[in-house]
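Now for the letters of each chain:
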Amino acid sequence: MTFAIACGHLGDRQLPAAMPGIFTMALFVTAGCVLSVTAWFCVSLFMSKLDTTGPEDEFRRNSFIFSAGLVPVLLLPLYIKFYPQLLLTDFKVVGWLYLPWGKFIHVNFAGYFLFMAAGAVIAAQAFLVMANLMNKLAKKAAALSEKRIEKILFVSLLVFYTVVTSYVTFIYPPTGDEPHYLTIARSMAYDRDVNLENDYVTEETYREFYPVEIDWKSIHNTPGKNNTGLYSLHSPGMPLVIAPVYAATGRFGVQLLYNALCALLCLLIYKLLRTNFMDENISLFAAMTAGLTLPVCVNSSLVLTEVPAAVIIAWCTAALRNPRPGKQTVLFFTGISALPFLHTKLAVFSLMLLSAYYVMIVKGKKFSVKKEAVNMIPLAAAAVSGIAYYYAIYGKFAPAALTSVYVSDSFSFIFSLKHSLKAAAGILFDRDFGLLPYNLLFVISIWGVILAAAKKDTEPLKPLFLALPYAALYLFWSDWGGSMTPARQLIPVVPALALCAAYFCRETAVHERLAGKFFTAYSLAISFIMMAAPVFRFTSGKEKLYAVLNAAAGPIMWILPSFNGIITSAQITVAALWIGVIAVLYVRYTRKRG
């Protein structure tokens, strides 16, 4: 019955006209049931391999998870009741469904809502399976080899991302900077250039991955030398990487690439924590929660620069723990050379990593002019390539070329104490972009920083020290929040924050206490909502989850204020409450240990 109604909305048709399609829909339902049962069997069998006991308990436990699809059927009367309101709801972007062969179909919101319900069930099952796996690994990690733990971590997260983000790709088109990065990649793949004039003027070029007219005239692009051509404000590195993948596999292939990069990021966070003497259980907890919660989880399929940058930064940071000549050093210098080609702002990270490397080399009396001359080759090649790239487009040498790149950018730096304090509060507490309303686990990171400073233990703070200049950019950047929920710009700092959280967990075991369990459950629940209902995190008007709630709840949303506007008493009160609660709980959990 549910799928008969869904079929009635396909192509914006009414229910009676669609009745002949019920048989086709029944085939899809049957296929879905077969896939669900197969997933139940495979997941249960995999989980049972981590135990020495029989598989009966896992089959029973997972039978509850994979029967979650029955819940929406019970809610069908509510759907029928609100059907007229859903049918009349209309959005610019919401309602377009992306098919694997690069074609969009449109359904009205009543039908779209049913697809979201099905996606919510799939996402719920995926999150519950991962929560079960985390609980299982927490008990068994010490008995497993390091290689096996790493394989389980990478493969499980890759499968999780593939399942959940394939639904997101299907239900919602790329947004924000995404379609523009994809346009550059498409131009590189098919036109063999970065002049985007024909790609934007001819809508068919970007309609492969974006269903409606795209805004390209006022933002994202600028003319080249002599006011000719049209070139992106975005750096060319990431589009160059995804261009062959897009040419071979389309949008879904790029999504799978990002799924793999995000799983790799979590694996590298685990390795970073292990090189800093964290045990397996705590390292797994920190790495998996970082990957399953915001902002990393939301960005596990988004075609943006932060996840690839975080992968490079996490690897280079871990390599700094014990820098060795040879292949590792070549990869280190290649990585820091590539960062500015992902985004200009990442040059700050390159500088910090390079400085830290030479401090360690000189301090350890391992400096060799001959070896370091070879190491500098990737940096020199990157510098020459950057100068040549921008000169070819703008006919100017850096930094004049970079000035031309941002000539149409309306954002700027605001060097004032007032703005920096508001931005700092916003990055932490803002209802749209703040980290803490979406992921309470970052509270444990803050506690880790405070505890390490109080103990004068600098080891867990070193990666964070390398990240501070990059994070400080957003204290003075006028658009510190960006347009994604929450602020995706801080993803490159997540490995350092995960280490601080792991440090506090090691010293206090807070992750095993009520607060740690509540923080984890809350953060996973918010992540599930944002993955199951992407219309909440960015609709056609870029409304965020709390903005949607604000429209419905009205005045009560003062407890989740926005820090983008003029400073108000609500902002000050909420920031003070956050700081007070964080401080009180810190004292409680550190004093208990004493």
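Residues numbered from 1 in each chain as written. Predicted model: local features only at pLDDT ≥ 70, side-chain atom pairs only at ≥ 80, totals over all residues. Heavy atoms only, no water.

1. Description of the overall build of the protein chain
Turning to step 1, where the next piece is worked out: Tallying secondary structure elements over the protein chain gives 28 helices and four strands in all.
Turning to step 2, where the next piece is worked out: Across the 594 residues of the protein chain, 51% fall into the buried class.
Turning to step 3, where the next piece is worked out: Counted over contacts in the protein chain with a minimum sequence separation of 6, partners at least 24 positions apart contribute 74%.
Turning to step 4, where the next piece is worked out: Accessible surface, the protein chain as shown: approximately 26900 Å² in total, 70% of it carbon and sulfur. (Helix = DSSP H or I, 4+ residues; strand = E, 2+ residues; numbered from the N terminus. Buried < 20%, exposed > 50% of the residue type's maximum accessible area, 1.4 Å probe, protein only. Contact = heavy atoms within 4.5 Å. Areas by Shrake-Rupley, 256 points an atom, 1.4 Å probe, with all protein chains shown as cover.)

2. Quick notes on a nonpolar patch on the surface
Turning to step 1, where the next piece is worked out: Taken together, the side chains of Val71, Leu75, Leu78 and Phe82 make up a nonpolar region of the molecular surface, amounting to roughly 370 Å² of accessible area.
Turning to step 2, where the next piece is worked out: Inspection of the secondary structure puts Val71 in helix 5 (residues 70–74). (Patch = residues over 30% accessible without salt bridge, like charges linked within 9 Å, V, L, I, M, F, W, Y side chains within 5 Å. Salt bridge = Lys/Arg side-chain N within 4 Å of Asp/Glu carboxyl O.)

3. Some points on the packing of helix 12 (residues 237–275) against helix 24 (residues 494–508)
Turning to step 1, where the next piece is worked out: The contact between helix 12 and helix 24 brings their axes to 10 Å, and the two run at 45 degrees. Relative to helix 24, the element helix 12 is oriented oblique. The interaxial crossing formed by helix 12 with helix 24 has right-handed handedness. Every residue of helix 24 that contacts helix 12 at Leu265, Ile269, Leu272 and Leu273 is listed here: Val494, Pro495, Ala498, Leu499 and Ala502.
Turning to step 2, where the next piece is worked out: Here the contact of helix 12 with helix 24 is built from residues that sort into nine nonpolar, no polar and no charged. (Axes fitted to C-alpha atoms, helices over the stretch in contact; angles between N-to-C directions. Parallel < 35°, antiparallel > 145°, perpendicular 65-115°, else oblique. Left-handed = near helix turned anticlockwise from the far one by under 90°. Nonpolar A, V, L, I, M, F, W, Y, C, P; charged D, E, K, R; others polar.)

4. Points about the packing of helix 12 against helix 14 (residues 306–319)
Turning to step 1, where the next piece is worked out: Two numbers describe how helix 12 lies on helix 14: the axes approach to 9 Å, and their chain directions differ by 25 degrees. By the angle between their axes, helix 12 is roughly parallel relative to helix 14. Of the two possible hands of crossing, helix 12 and helix 14 adopt the one that is left-handed. The residues of helix 14 that touch helix 12, namely those facing Tyr258, Leu261, Cys262, Leu264, Leu265, Leu268 and Leu272, are Val307, Pro308, Ala310, Val311, Ala314, Trp315, Thr317 and Ala318.

5. A word on the environment of Ser44
Turning to step 1, where the next piece is worked out: Tracing the backbone shows Ser44 in helix 3 (residues 22–48).
Turning to step 2, where the next piece is worked out: Note on Ser44: relative accessible area 0%, which makes it buried.
Turning to step 3, where the next piece is worked out: Along the primary structure Ser44 and Glu56 are separated by twelve residues, whereas in three dimensions their C-alpha atoms are 8.7 Å apart.
Turning to step 4, where the next piece is worked out: Excluding anything up to four places from it in sequence, Ser44 contacts Glu58, Phe59 and Asn62.
Turning to step 5, where the next piece is worked out: One polar contact links the side chain of Ser44 to the main-chain carbonyl oxygen of Trp40, over a distance of 2.7 Å. (Polar contact = N/O pair within 3.5 Å; in protein donor to acceptor, adjacent residues only side chain to side chain.)

From the geometry alone we can't say anything about function, so treat these as descriptive.
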